[in-house]
Amino acid sequence: MRRRLIQKLRDKGIESARVLEVMGKIPRHIFFENAFLEHAYQDKAFPIGHGQTISQPYTVAFQSQLLNVQAGDKVLEIGTGSGYQAMVLHDLGAKLYTIEYQQALYERTSAFLPKLGYKISFFQGDGSKGLAIHEPFDKIIVTAGAPTVPNSLIAQLKVGGCLVIPVGDNNKQQMLRLTKTTEKEISKEVFADFSFVPLKGDEGWN
C-alpha cells in the first residue's frame, strides 16, 4: 500500500527522489487506530482530534519538496500535529525544532516520537510567533493556513533561508515559498492552492 501511495505521489508531480524515498519508508499507519488502517496509505487528510488532521501525503510531499532540506539544516516546524511531517523532515536530515499550539497534541506527540527513536526538540505554544529563543533557522515550514505571513517567522530566518507557508482565508490558501535574500529583502514564489486547518495565535487566526 505504501509503494502504491508513493507511485501516486510521483504521478501527481512530486519529483524529489529524497522525499519519495523517505516517505516510502515511514509507517504512516502507526498514526491510525486499527479500525482506520485502510485510510493510512490513501492520499487524503484524516482527523486526529482537537480540530486537527494528519496532513494528506501529497501535501506533506509538496511542502517537503519546496523546503529542500539539506543534511544538518536547522528547521522550525510550526504545527507538530500527529508528528508525521516531523518524521519526514527528520529523516531528510533536518535538525528539527517543532512547536504545537494544542497542549494535548503536544503531549501525545512529544511522548510518542521519541519512543520511535526520533531526536526532535518539541515545544508547546504560539507557533505564529516562531521560536525566537532558538533562532535563526535555515528553513521554516508552517503546516496550518495563515491569514498573512507572520513577521516573526521572517525575522527568525537566516539570510539565504526559506519559509514555506500556506496563506489565504479559512477555505483556501496559496502555498508560498519566501526566501530571505538579504536582511531586508524577500523573494516570493507562489504555488498551488491547498486547504489547511487555521494557524492559531497572535500572528495567525485569533
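Above: the structure in question.
Reference entry: report on the structure contained in this document. Keep in mind that this is a model prediction, so the values were computed, not measured.

What counts, and where the lines are drawn
- Residues numbered from 1 in each chain as written.
- Predicted model: local features only at pLDDT ≥ 70, side-chain atom pairs only at ≥ 80, totals over all residues.
- Heavy atoms only, no water.
- Core = buried A, V, L, I, M, F, W, Y, C linked by side-chain atoms within 4.5 Å.
- Buried < 20%, exposed > 50% of the residue type's maximum accessible area, 1.4 Å probe, protein only.
- Helix = DSSP H or I, 4+ residues; strand = E, 2+ residues; numbered from the N terminus.
- Phe/Tyr/Trp six-rings, centres within 6.5 Å; stacked < 30°, edge-to-face > 60°.
- Lys NZ or Arg CZ within 6 Å of the ring centre and 35° of its normal.
- Pairing = 2+ DSSP bridges.
- Axes fitted to C-alpha atoms, helices over the stretch in contact; angles between N-to-C directions.
- Contact = heavy atoms within 4.5 Å.
- Salt bridge = Lys/Arg side-chain N within 4 Å of Asp/Glu carboxyl O.

**Description of the nonpolar core**
Of all hydrophobic cores here, the largest spans 43 residues; its most connected members are Leu-9, Met-23, Leu-67, Val-75 and Leu-89. For this core, the secondary-structure elements that each account for two or more residues are α1 (2–11), α2 (17–25), β1 (46–49), α3 (57–67), α4 (84–91), α5 (103–115) and β7 (157–168). With six residues, the single largest contributor to this core is α3. With 20 residues, the next largest nonpolar core counts Ile-78, Ile-140, Leu-176 and Val-197 among its residues.

**Quick look at the packing of aromatic side chains**
One pass over the full model with this rule turns up nine aromatic pairs. Residues Phe-62 and Phe-191 carry aromatic rings whose centres are separated by 6.1 Å and whose planes lie at 80 degrees to one another, so their mutual orientation is edge-to-face. In this pair, Phe-62 is assigned in helix α3 and Phe-191 in strand β9 (residues 186–194), connecting sequence segments 129 residues apart. Residue classification places Phe-191 among the partly exposed positions, given a relative accessible area of 27%. Ring plane angle 15 degrees and centroid distance 6.4 Å describe the contact between Tyr-97 and Phe-123, whose orientation is recorded as stacked. Of this pair, Tyr-97 sits in strand β4 (residues 95–100) while Phe-123 sits in strand β5 (residues 121–124), placing them 26 residues apart in sequence. Classification of Tyr-97 as buried rests on a relative accessible area of 8%. Ring pairing ties together the aromatic residues Tyr-58, Phe-62, Phe-191, Phe-194 and Phe-196, which thus form one cluster. Positioned above the aromatic ring of Tyr-58 is the side chain of Lys-12, whose terminal nitrogen or guanidinium carbon lies 4.7 Å from the ring centre. When the ring centre of Phe-137 is taken as reference, the NZ or CZ atom of Lys-74 above it lies at 5.3 Å.

**So, the sheet that holds strand β8 (residues 173–180)**
What the seven strands build is an open sheet, ordered β5-β4-β3-β6-β7-β8-β9; its pairing is mixed. Across the chains shown, the open sheet's two edge strands, defined by having one partner strand only, are β5 and β9. Averaged over neighbouring strand pairs, the angle between their axes works out to 15 degrees when direction is ignored. In this sheet, β4 lies alongside strand β3 (residues 74–78) in parallel orientation, the contact comprising five bridges. Within β4, the position partnered with Val-75 by the bridge is Leu-96. On top of the sheet, α4 reaches β3, β4 and β6 (137–142); it is set at about 170 degrees to β3, its chief contact. Taken strand by strand, α5 contacts β4 and β5, and its axis lies near 170 degrees from that of β5.

**With respect to the environment of Ile-6**
One can find Ile-6 in helix α1. The residues touching Ile-6, leaving out its near neighbours within four places in the chain, are Leu-20, Met-23 and Gly-24.

**Quick notes on α3**
Counting buried residues in α3 gives ten out of eleven residues, a clear majority hidden from the surface. What α3 keeps buried is the set Pro-57, Tyr-58, Thr-59, Val-60, Ala-61, Phe-62, Gln-63, Ser-64, Leu-66 and Leu-67. Just downstream of α3 lies Asn-68, where phi reads positive at about 55 degrees.

**A few points about the pairing of β7**
With four bridges joining them, β6 and β7 adopt parallel strand pairing. Its bridge partner lying in β7, Lys-139 is registered against Cys-162. Examined bridge by bridge, β7 and β8 share seven bridges and lie antiparallel to one another. What sits directly across from Val-164, in β8, is Arg-177. Linking two consecutive strands that pair antiparallel, namely β7 and β8, is a turn of four residues.

**Things to note about the pattern of salt bridges**
For the structure shown, the criterion picks out eight salt bridges. In this structure, Glu-21 engages Lys-25 in a salt bridge whose closest nitrogen and oxygen atoms are separated by 3.3 Å. Here the residue Glu-21 and the residue Lys-25 both occupy positions in helix α2, the gap between them amounting to four residues, near one helical turn. What makes Glu-21 partly exposed here is its relative accessible area of 47%. By relative accessible area, which is 59% here, Lys-25 ends up exposed. Asp-202 is the salt-bridge partner of Lys-129, the closest N and O atoms lying 3.4 Å from each other. Taken together, the residues span a long stretch of sequence, with Lys-129 in the loop between β5 and β6 and Asp-202 in the segment after β9 at a distance of 73 residues. In this structure Lys-129 comes out as partly exposed when scored by relative accessible area, which is 37%.

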